[in-house]
Amino acid sequence: MARRIAAGAAYGGGGIGLLGVATVGVVLAEVRLAKRRVGNNGGDHAPAPPRADGLYGAGLAGGAEPLRFAMLGDSTAAGQGVLRARETPGALMASGLAAVAERPVELRTVALPGARSDDLERQVGLAVGDPSWVPDVCVIMIGANDVTHRIPPTRSVRCLSTAVRRLRTAGAEVVVGTCPDLGTIEPVYQPLSWIARRTSRQLAAAQTIGAVEQGGRTVSLGDLLGPEFAANPRELFGPDNFHPSAEGYATAAMAVLPTLCAALGVWPEEERPDASRDEGFLPVARAAVRAAAEGGTEVTAAPQGGPRGPWALLKRRRRRRIHTHGTAPDHSTPAAS
């Protein structure tokens, strides 16, 4: 199904659904009811995410040119639900990247709470529209609102693929955090939770195929609302019981950070597969499905394709605790509007 969705996105198909139309209608109506039960999850009256843009690691590398880092996507990319800028995923990743690269990092956030994949065209325009500030690397976190608003998955993947292609053409490395597992929101019960999980995982796998084919890397964010969150909901969900807490965002950022660093060639780990961690080269569709089922798994294009199409490298990078002392943002640096 993920392969069909991605193919439909690439070749203009628009009618491929994730589940039967009647089933989807019932499921998403129930999801919307569940979201209302968990409180304010990003509507018109939700508080704006804290502003995290600025320079991180200003004292590193003796004044070396900062790495330019842009965050795109929805409320999870913006950090909805936390109160402090340093708790947002953009700030956490910028701090970690500065510490690993031993170089300052300038963060700009163009993510928008409530955004769906069709908003990426606008966000990419903001990210690359300033000729004096072209990002070296971008992280996109998107997909949950596409599922809950019944956006055709082929359209979602087409919008994401176009965004990745535009950013790559502009010279940026791109890491996509794929659609989180919506089956573990606390008020969503069986069988709805099983259907929501299947729907979001199918979209995540299709996003992986589309992004990798355009030269991006992906990291599965199933753990963002997945097994780890289900096991520790009081710790990893925020006050609205829908968006992650500060600890939840830290968990997600730690999953993305190794791939973010590897995209820039600064992660201290081999790019070749490690058989002891069940890594390897697979057809891209198979790698995408495996990654969607296991949060934190990276997929990137393989150097060469196989006899039946493109292949990908499936990686399970070791997460290391990053010490980020002294890498707080300097808000004297102009932020993107």
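Caption draft 1: Looking closely at the overall build of the protein chain. What the protein chain contains, in helices and strands, is 12 helices and nine strands. A burial count over the protein chain gives 54% of its 337 residues as buried. Expressed as a percentage of contacts within the protein chain between residues at least 6 apart in sequence, the contacts between residues at least 24 apart total 80%. When the accessible area of the protein chain is evaluated, it comes to approximately 14,300 Å², of which 52% is carbon and sulfur surface.

Caption draft 2: Quick peek at the pattern of salt bridges. For the coordinates displayed, the defined rule picks out 18 salt bridges. One salt bridge connects arginine 168 with glutamate 173, and the closest N-O pair in it is separated by 3.6 Å. On the basis of relative accessibility, which here comes to 30%, the residue arginine 168 falls in the partly exposed class. Residue classification places glutamate 173 among the partly exposed residues on the basis of a relative accessible area of 24%. Across the salt bridge formed by arginine 272 and glutamate 270, the nearest N and O atoms sit 3.8 Å from each other. Residue class for arginine 272 comes out exposed when judged on its relative accessible area of 57%. Three or more residues are tied together by salt bridges with common partners; here these are Arg217, Glu269, Glu271, Asp274, Arg277, Glu279, Glu298, Lys315 and Arg317.

Caption draft 3: Expanded view of the packing of helix α5 (residues 120-128) against helix α7 (residues 153-169). It is at 9 Å that the axes of α5 and α7 come closest, and there the two elements cross at 10 degrees. By the angle between their directions, the pair α5 and α7 is classed as roughly parallel. With respect to the hand of their crossing, α5 and α7 are arranged in right-handed fashion. Seen from α5, the contacting residues are Leu120, Glu121, Val124, Gly125 and Val128; seen from α7, they are Cys159, Leu160, Ala163, Arg166 and Leu167. Residues of the contact of α5 with α7, tallied by class, amount to seven nonpolar, one polar and two charged.

Caption draft 4: Main features of the nonpolar core. Counting 30 residues, the largest nonpolar core has Phe69, Met71, Met93, Leu97, Val139 and Leu260 as the members making the most contacts within it. Going through the elements one at a time, β2 (67-73), α3 (75-78), α4 (89-101), β3 (105-109), β4 (137-141) and α11 (246-263) are the ones with two or more residues in this core. Once you skip the residues sitting within four places of it in the chain, methionine 71 turns out to touch Ala77, Gly90, Met93, Leu107, Arg108, Thr109, Val110, Ala111, Val139 and Met141. Core analysis: the second largest hydrophobic core is formed by 19 residues, Ala70, Val110, Trp133 and Ile142 among them.

Each value, and the rule that gives it
Residues numbered from 1 in each chain as written. Predicted model: local features only at pLDDT ≥ 70, side-chain atom pairs only at ≥ 80, totals over all residues. Heavy atoms only, no water. Helix = DSSP H or I, 4+ residues; strand = E, 2+ residues; numbered from the N terminus. Buried < 20%, exposed > 50% of the residue type's maximum accessible area, 1.4 Å probe, protein only. Contact = heavy atoms within 4.5 Å. Areas by Shrake-Rupley, 256 points an atom, 1.4 Å probe, with all protein chains shown as cover. Salt bridge = Lys/Arg side-chain N within 4 Å of Asp/Glu carboxyl O. Axes fitted to C-alpha atoms, helices over the stretch in contact; angles between N-to-C directions. Parallel < 35°, antiparallel > 145°, perpendicular 65-115°, else oblique. Left-handed = near helix turned anticlockwise from the far one by under 90°. Nonpolar A, V, L, I, M, F, W, Y, C, P; charged D, E, K, R; others polar. Core = buried A, V, L, I, M, F, W, Y, C linked by side-chain atoms within 4.5 Å.

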